[in-house]
Amino acid sequence: MAGNGNENADGDFSFSAAAARDALPRITTEKGAKSADVCHDDTAPRVNFQTIDELHCLQKKRSAPTTPLKEGGGVVMGTSGPTTPSSGETMLQSVSASLASLTRETGPKLIRGDPTSAAKVAHVPHTPTSVPAADVSDSGLKFTHILHNLSPAELYEQAIKYEKGSFVTSTGALATLSGAKTGRSPKDKRVVKDETTASELWWGKGSPNIEMDEQTFLVNRERAVDYLNSLDKVFVNDQYLNWDPENSIKVRIVSARAYHSLFMHNMCIRPTPEELENFGTPDFTIYNAGKFPCNRYTHYMTSSTSIDINLGRREMVILGTQYAGEMKKGLFGVMHYLMPKRKILSLHSGCNMGKEGDVALFFGLSGTGKTTLSTDHNRYLIGDDEHCWSDAGVSNIEGGCYAKCIDLSREKEPDIWNAIKFGTVLENVVFDEHTREVDYNDKSVTENTRAAYPIEYIPNSKIPCVGPHPKNVILLACDAFGVLPPISKLDLAQTMYHFISGYTALVAGTEEGVKEPRATFSACFGAAFIMLHPTKYAAMLAEKMQAQGATGWLVNTGWSGGSYGAGSRIKLAYTRKIIDAIHSGSLLNATYHKTEIFGLEIPNEVEGVPSEILEPMNAWEDKEAYKDTLLKLAGLFRNNFETFTSHKIGDDGKLTEEILAAGPNF
Ligand SMILES: Nc1ncnc2c1ncn2[C@@H]1O[C@H](COP(=O)(O)OP(=O)(O)OP(=O)(O)O)[C@@H](O)[C@H]1O
Ligand SMILES: O=C([O-])CC(=O)C(=O)O
Ligand SMILES: [Ca+2]
Ligand SMILES: [Mn+2]
């Protein structure tokens, strides 16, 4: 066709026949009706711009006052603030107070907006400080830009421009790398022991609370604050926790990475513009300086990672780990302290509700199925991981979900699959460099690949995320020994026994030659997050279950027909059928038989589940091996429970006795 010649069927234009070989062909325009369509002069009335810069300005409309100012119209916050602050200035004053060094000048000079788009702000005159000359430091002379509650789109741009390892996947999610740490570091978690917490919290053997003194906390806090203030810009999220409006708390997260800011945007409750306008002073602040290590010469530090909680100051400091889950679970710990003070039970559980308003809780340690099973196409999702149970019912603490992605499939978990889209943070996954399609089976970076998305990305999420009192309390254990039944009904004492035990057994990672399942006992199915003694939470759960007549269930989402290596993991489709039967109430009226040793009630039939797998021994070929393994597990349960035998659970001496007797008998 008209590739490079003067052939021209319509005669609209032709290349000059005289065009030199190396010169560009000259385009000849001809006058005529059609010519304007192809190569027209721009004679239409011009829109509102004279220059390219002005054209670019037209592209962005000024947004609501709570979203960041774009054209460098920043406010400078120095040691003395303006007399009648606007809401933006109030925010900057508040953030400046959060970021104040405790030993030098007061809050740093802050500017709203991105450093690259705020060049004009440099002209704003600097307010002289009243601090004595000897105390003036260079840090007191610089500005830090504040990126306050940016939108997901803005955070994507920040991440992709400035954070290595940030990419848009084929479905629009933001793939990120969390760095050297791809999971939580419970051994590096410290809690300040002061006069109050010394008596209130659970310390010592078995407790997750490793003590630190106030002074050391301040050393780490100063290290984090200095690091954050040394940056050109920091991200600040002001958000809420707990959908129960009477008991929600305001949290501020100061961080160095767009990844962290987007993660918390998704995981905490997002304020409306009005709420943000009137946010005021946060109830709790996180300083996430995870890109920067702690100083190992500092007292109590045993690695370069430290996650420090100070309940008195209502602050948390993160040094030496960029794993975003530390923030979410750190705040969960805080709720485990604050809520019981208000007679509200905090729970490491998923939660959903049926069409009839029947609520179910799903307890379980990491990887046992809270997120997978609470995300149920036939039910309303209230939340996947952290809840409160008050006199009014249940409420989700968070505004998002944090799903495991390893081996994720569209067929088995369609709702989670579809939630991985624009706005979702995808941690540590591997993808095709060209198509950006994620390979969910790839464990090259870690087995703990995760997706963090706002709860409304699940189509049948219940917003606001609250519900009535639970009817069913489902305890999930992924039993890699393969001896616990796929489903059993528990009486109250058994429910409490298993809640306090908090058992699961997973396969020990991906290391070569590891064949033995490793049993984990984690009180309240979340010992890493609780602050008080486990019996305090257990007593509250017993009281609430009793008052509401809730039924307890133990569901093994792990192995059947043999331990890991010989048997296989119970099909998710079967577990879903079991869960359906709990929800529908049909299991409540089934006929049961009791197992030896653990004394669990096993139903003879569950619709849609092969009956031969319901009794674990039937599924094992080697019956002797089954009995040995069962006894071995029973022994592990008994050893673990020894620490609790001297404790009373609530005021009910009889219940305590029953709980102690509800363990394995052999
Ligand atoms: N029978 C089963 N029941 C439940 N989950 C199963 C089953 N078989 C395989 N799985 C897989 O096990 C994993 C359960 O992980 P899930 O994210 O639900 O854990 P979680 O309890 O929410 O943990 P965390 O507290 O760490 O978020 C999923 O990857 C799921 O696909
Ligand atoms: O906290 C995390 O990183 C993941 C999680 O939900 C858990 O371990 O319970
Ligand atoms: Ca989960
Ligand atoms: Mn969890």
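Summary of the structure given here. Per chain, residue numbering runs from 1 following the sequence as it is written. Throughout, the order in which chains and ligands are written sets their labels, letters from A for the former and numbers from 1 for the latter. In view of the model being predicted, local features appear only for residues whose pLDDT reaches at least 70, and side-chain atom pairs are presented and counted only at 80 or more, with totals across whole chains, interfaces and linings using the full set of residues. Side-chain numbers come from the whole structure's heavy atoms, not from hydrogens or water.

### Concerning the side chain of Thr449
Thinking step 1. Think of it this way: any DSSP run of H or I at least four residues long counts as a helix, any run of E at least two long counts as a strand, and we number them from the N terminus. As for its position among the elements, Thr449 is in the loop between strand S20 (438–439) and strand S21 (450–454).
Thinking step 2. Here Thr449 falls in the buried class, since its relative accessible area comes to 2%.
Thinking step 3. Counted as a polar contact is a pair of N or O atoms within 3.5 Å, where, for protein atoms, one must be capable of donating a hydrogen and the other of accepting one, and residues adjacent in sequence contribute only when both atoms are in side chains. Polar side-chain contacts of Thr449 include one of 3.3 Å to the backbone nitrogen of Ile406.
Thinking step 4. Once residues within four sequence positions are removed from consideration, Thr449 is found in contact with Ala403, Lys404, Cys405, Ile406, Glu427, Asn428 and Val429. Here the term buried applies to any residue with accessible area under 20% of the maximum for its type, exposed to any over 50%, and partly exposed to those in between, with areas from a 1.4 Å probe on protein chains only. Throughout, a contact is declared for two residues whenever any of their heavy atoms are within 4.5 Å.

### Considering the side chain of Ser346
Thinking step 1. Locating Ser346 in the fold gives a position in strand S12 (residues 345–353).
Thinking step 2. Exposure remark for Ser346: the relative accessible area of 3% places this residue in the buried category.
Thinking step 3. At a separation of 2.5 Å, a polar atom in the side chain of Ser346 contacts the side chain of His336.
Thinking step 4. The residues touching Ser346, leaving out its near neighbours within four places in the chain, are Met335, His336, Pro340, His387 and Tyr537.

### Thoughts on the site of ligand 1
Thinking step 1. What makes a residue near a molecule or strand is one non-hydrogen atom of that residue sitting within 4 Å of it. Taken together, 20 residues form the shell around ligand 1, and within it Ser366, Lys370, Thr371, Glu413 and Arg450 come nearest.
Thinking step 2. With respect to ligand 1, the side chain of Thr372 contributes an N or O atom lying 2.9 Å from an oxygen atom.
Thinking step 3. Within the side chain of Arg450, one N or O atom sits 2.7 Å away from an oxygen atom of ligand 1.
Thinking step 4. Three categories are distinguished: nonpolar for Ala, Val, Leu, Ile, Met, Phe, Trp, Tyr, Cys and Pro, charged for Asp, Glu, Lys and Arg, and polar for the others, with Gly belonging to the last. Among the residues forming the shell around ligand 1, the class breakdown is four nonpolar, nine polar and seven charged.

### Here we look at the coordination of the manganese ion (ligand 4)
Thinking step 1. Of the protein atoms, only Lys329 (NZ), His348 (NE2), Asp385 (OD) and Asp385 (OD) coordinate the manganese ion (ligand 4), at distances of 2.2 to 2.8 Å.
Thinking step 2. Note that water is not among the atoms used; donors are N, O and S atoms within 2.8 Å of the metal (3.2 Å for Na, K and Ca), so sites may look incomplete. Mapped onto the polypeptide sequence, the residues donating to the manganese ion (ligand 4) form the spacing pattern K-x18-H-x36-D.
Thinking step 3. The distance between the manganese ion (ligand 4) and the calcium ion (ligand 3) comes to 4.9 Å. Here His348 is found in strand S12, whereas its partner Asp385 is found in the loop between strand S14 (380–383) and strand S15 (386–390), with 37 residues between them in sequence.
Thinking step 4. Judged by relative accessible area, which is 4%, His348 ranks as buried.

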